[in-house]
Amino acid sequence: MPPPIERSTKKRVKGGPAQTSVLQVKAKPQVYDPRFLSSAGSFSHNEYQHAYGWLEKQREEENAKSQERIQTISSLISKADDTEELQAELTSLQKQVRAFDSQKRNAALLQKQRKAQNEFYKKEREAVERGKRPHYMTKLEKKEMFSRVKEEHVQKAKKRKVVVKKVVKKPKSTT
């Protein structure tokens, strides 16, 4: 059998350039969230809290129910023979409760940071009204202010834990 015939690259392709052109791909429709359009207005945390405050209350109720369920499961584990399913449910509920508590602490910290920032802006507005030149907070100043607020928040949390531990330890030492 003879080898295939070599063809020159200088010759044009049959059908001309129309067949060699790249096919046009249809652009995907752009997906957007109407909440973040400029026509929807700017985001206001206070309005958001007012509109969705019920959701936070619902989460707190669910957390309370989860904590009650943890107590019932832990009492069932001590009585039951087959505890694998109960133990799995217990760990998942404990994880849920820890996550909720963590989210709550983070929300409290963010709220304190927002409050500190608003106080700074309020003082600056008052100073400008009195005739002083405006001072715009740099990223570094903002970061330092937030770290200071976070440090104060952590110190208060540590003090609360120490007080709780002392209250719990006193009755144990008297018995």
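In this convention, every chain numbers its residues from 1, walking through the sequence in written order. Whole-chain, interface and lining totals are the exception, using all residues; otherwise, since this is a predicted model, local features are given only for residues with pLDDT of at least 70 and side-chain atom pairs are given and counted only at 80 or more. Here the side-chain values reflect all heavy atoms present in the structure, with hydrogen atoms and water set aside.

K.L.:
Looking at this model, I keep getting lost on the overall build of the protein chain. Mind explaining?
P.N.:
A tally of helices and strands in the protein chain yields four helices and zero strands. In the protein chain, the succession of helices and strands from N to C terminus is α-α-α-α. Each residue's exposure class comes from its accessible area (1.4 Å probe, protein chains only) as a fraction of the maximum for that residue type: buried when under 20%, exposed when over 50%, partly exposed otherwise. A total of 175 residues make up the protein chain; the buried ones form 13% of that total. Within the structure as shown, the protein chain displays about 16800 Å² of accessible surface, and the carbon and sulfur contribution to it stands at 55%. What counts as a helix is a DSSP run of H or I of at least four residues, what counts as a strand is a run of E of at least two, and both are numbered from the N terminus. Computed by Shrake-Rupley with a 1.4 Å probe, the accessible areas treat only the displayed protein chains as cover when residues are assessed.

K.L.:
Can you help me understand the layout of surface pockets in this one?
P.N.:
The gaps of empty space that remain are located by a probe, the size of a water molecule, rolled over the atoms. Cavity means a closed set of points on a 1 Å grid over the protein atoms alone, one where a 1.4 Å probe fits but cannot get out, pocket means an open set with protein on both sides within 12 Å along at least 5 of 7 lines, and lining means a residue has an atom within 4 Å of a point. Grid points are joined across faces, edges and corners, and a volume is the space filled by probe spheres set on the points. Space inside the largest pocket adds up to approximately 770 Å³. At the level of elements, α2 (45–79) and α3 (84–129) are the ones that each hand at least two residues to the lining of the largest pocket. In terms of residue count, α3 provides more of the lining of the largest pocket than any other element does, eleven residues in total. Looking at side-chain class alone, the lining of the largest pocket contains eight nonpolar, eight polar and seven charged residues. Roughly 320 Å³ of internal volume is contained in the second largest pocket. Under the convention adopted here, Pro, Cys and the residues Ala, Val, Leu, Ile, Met, Phe, Trp and Tyr are nonpolar, Asp, Glu, Lys and Arg are charged, and Gly plus all remaining residues are polar.

K.L.:
Explain a positive patch on the surface here, please?
P.N.:
Patches in this entry comprise residues that are over 30% relatively accessible and not in a salt bridge; like charges within 9 Å are linked, as are nonpolar side chains (Val, Leu, Ile, Met, Phe, Trp, Tyr) within 5 Å. Definition used for salt bridges: Asp or Glu carboxyl oxygen within 4 Å of a side-chain nitrogen of Lys or Arg. Here Asp and Glu are counted as negative and Lys and Arg as positive; His is not counted, and neither are the chain ends. Here the site of a charge means NZ on Lys, CZ on Arg, CG on Asp, or CD on Glu. Residues K112, K115, K156, K159 and R160 make up a contiguous surface patch of positive charge. Looking at the positive patch element by element, the count peaks at three residues for helix α4 (residues 139–174). Inspection of the secondary structure puts K112 in helix α3. Assessed through its relative accessible area of 32%, K112 is described here as partly exposed.

K.L.:
I would appreciate a short explanation of the pattern of salt bridges in the present structure.
P.N.:
Think of it this way: side chains of opposite charge can pair up when their charged atoms draw near. Scanning the entire structure with this criterion turns up three salt bridges. The partner of K104 in a salt bridge is E60, with the nearest N and O atoms 3.9 Å apart. With K104 in helix α3 and E60 in helix α2, this pair connects stretches of sequence that are 44 residues apart. When its relative accessible area of 43% is taken as the criterion, K104 is described as partly exposed. Note on E60: relative accessible area 35%, which makes it partly exposed. Of the charged contacts in the structure, one is a salt bridge between E89 and R69, with a shortest N-O distance of 3.1 Å. Taken together, the residues span a long stretch of sequence, with E89 in helix α3 and R69 in helix α2 at a distance of 20 residues. The class for R69 is partly exposed, based on a relative accessible area of 34%.

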